[in-house]
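# Close look at the chain arrangement
Listed below, chain by chain, are the residues.
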Amino acid sequence: MYLTQQTDYALRVLIYAAVNDQSLVNIGTIAETYNISKSHLMKVVTALVKGGFLTSIRGKGGGLKLAQPPEKIRVGTVVRVTEPLQLAECFGDNNQCLITPACRLSQILNSGLIAFINHLDGYTLADLVNPPTCEILCSSKHGHNIPINPLPKAA
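Residues numbered from 1 in each chain as written. Predicted model: local features only at pLDDT ≥ 70, side-chain atom pairs only at ≥ 80, totals over all residues. Heavy atoms only, no water.

## Examining the side chain of Ser-106
Secondary-structure assignment places Ser-106 in helix α5 (residues 105-121). In this view, Ser-106 contacts Cys-90 and Phe-91; residues no more than four positions away in its chain are not counted. (Helix = DSSP H or I, 4+ residues; strand = E, 2+ residues; numbered from the N terminus. Contact = heavy atoms within 4.5 Å.)

Next up, the structure:
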């Protein structure tokens, strides 16, 4: 199993927005920072806004910000919104598999999928924003000076 590029980028956008939660961020800067396609990020951001993870402010001085605190955004919820979660044909609406009524594979795959998503639900966006990540995203080599909230010191 792998996560789609859309989910990977969605999580990266949310991490970037969480690190930069004191001001608005824009797609161009995020794309430049991660060296990924701006046009592809626009689709990802649209899904994140629609999913209630980001707020988009239009117009001059506009940009993006988290729609809720990082502690409230569950990684599993982001994956549910951005992933198709159709592991096999029998998970979809157009299932044509002959053995579906008797097949145990779909039950096994579904229980594994549920366990995976439940595991991801144990983590929030705040768990993904650690000091090394902040340092990387804020380093001068990216050409950006991103203000960040100081994180609590580890005990």
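## What to know about the nonpolar core
Counting 36 residues, the largest nonpolar core has Leu-14, Leu-41, Leu-48, Leu-54 and Leu-66 as the members making the most contacts within it. Looking at this core, the elements with two or more residues in it are α1 (5-19), α2 (27-34), α3 (38-50), β2 (63-66), α4 (75-82), α5 and α7 (131-138). For this core, the leading source of residues is α1, giving ten residues. In this view, Leu-48 contacts Ala-10, Val-13, Leu-14, Phe-53 and Leu-54; residues no more than four positions away in its chain are not counted. (Core = buried A, V, L, I, M, F, W, Y, C linked by side-chain atoms within 4.5 Å. Buried < 20%, exposed > 50% of the residue type's maximum accessible area, 1.4 Å probe, protein only.)

## With respect to the pairing of β2
With four bridges connecting them, strand β1 (residues 54-57) and β2 associate as antiparallel partners. Residue pairing across strands places Leu-54 opposite Leu-66, the latter belonging to β2. Joining the antiparallel neighbours β1 and β2 is a turn of five residues, in which Gly-59 adopts a positive phi near 95°. (Pairing = 2+ DSSP bridges.)

## Structural notes on the pattern of salt bridges
Scanning the entire structure with this criterion turns up two salt bridges. Salt-bridge contacts for Asp-8 lead to Arg-12; the nearest nitrogen and oxygen are separated by 2.9 Å. Note that Asp-8 and Arg-12 are positioned in helix α1 at a spacing of four residues, about one turn of the helix. What makes Arg-12 partly exposed here is its relative accessible area of 24%. Measuring nitrogen to oxygen at the nearest pair gives 2.5 Å for the salt bridge that ties Arg-80 to Asp-121. Here Arg-80, found in helix α4, pairs with Asp-121, found in helix α5; they are 41 residues apart in sequence, far enough to count as distant. Overall, Arg-80 belongs to the partly exposed group, its relative accessible area being 38%. (Salt bridge = Lys/Arg side-chain N within 4 Å of Asp/Glu carboxyl O.)

## Here we look at the packing of α1 against α2
Between α1 and α2, the shortest axis-to-axis distance is 11 Å and the interhelical angle comes to 110°. By the criterion of interaxial angle, the relationship of α1 to α2 is roughly perpendicular. The way α1 lies across α2 gives a crossing that is right-handed. Contacts from Arg-12, Val-13, Ile-15 and Tyr-16 in α1 reach Thr-29, Ile-30, Thr-33 and Tyr-34 in α2. (Axes fitted to C-alpha atoms, helices over the stretch in contact; angles between N-to-C directions. Parallel < 35°, antiparallel > 145°, perpendicular 65-115°, else oblique. Left-handed = near helix turned anticlockwise from the far one by under 90°.)

By themselves, these are just geometric observations and shouldn't be taken as functional.
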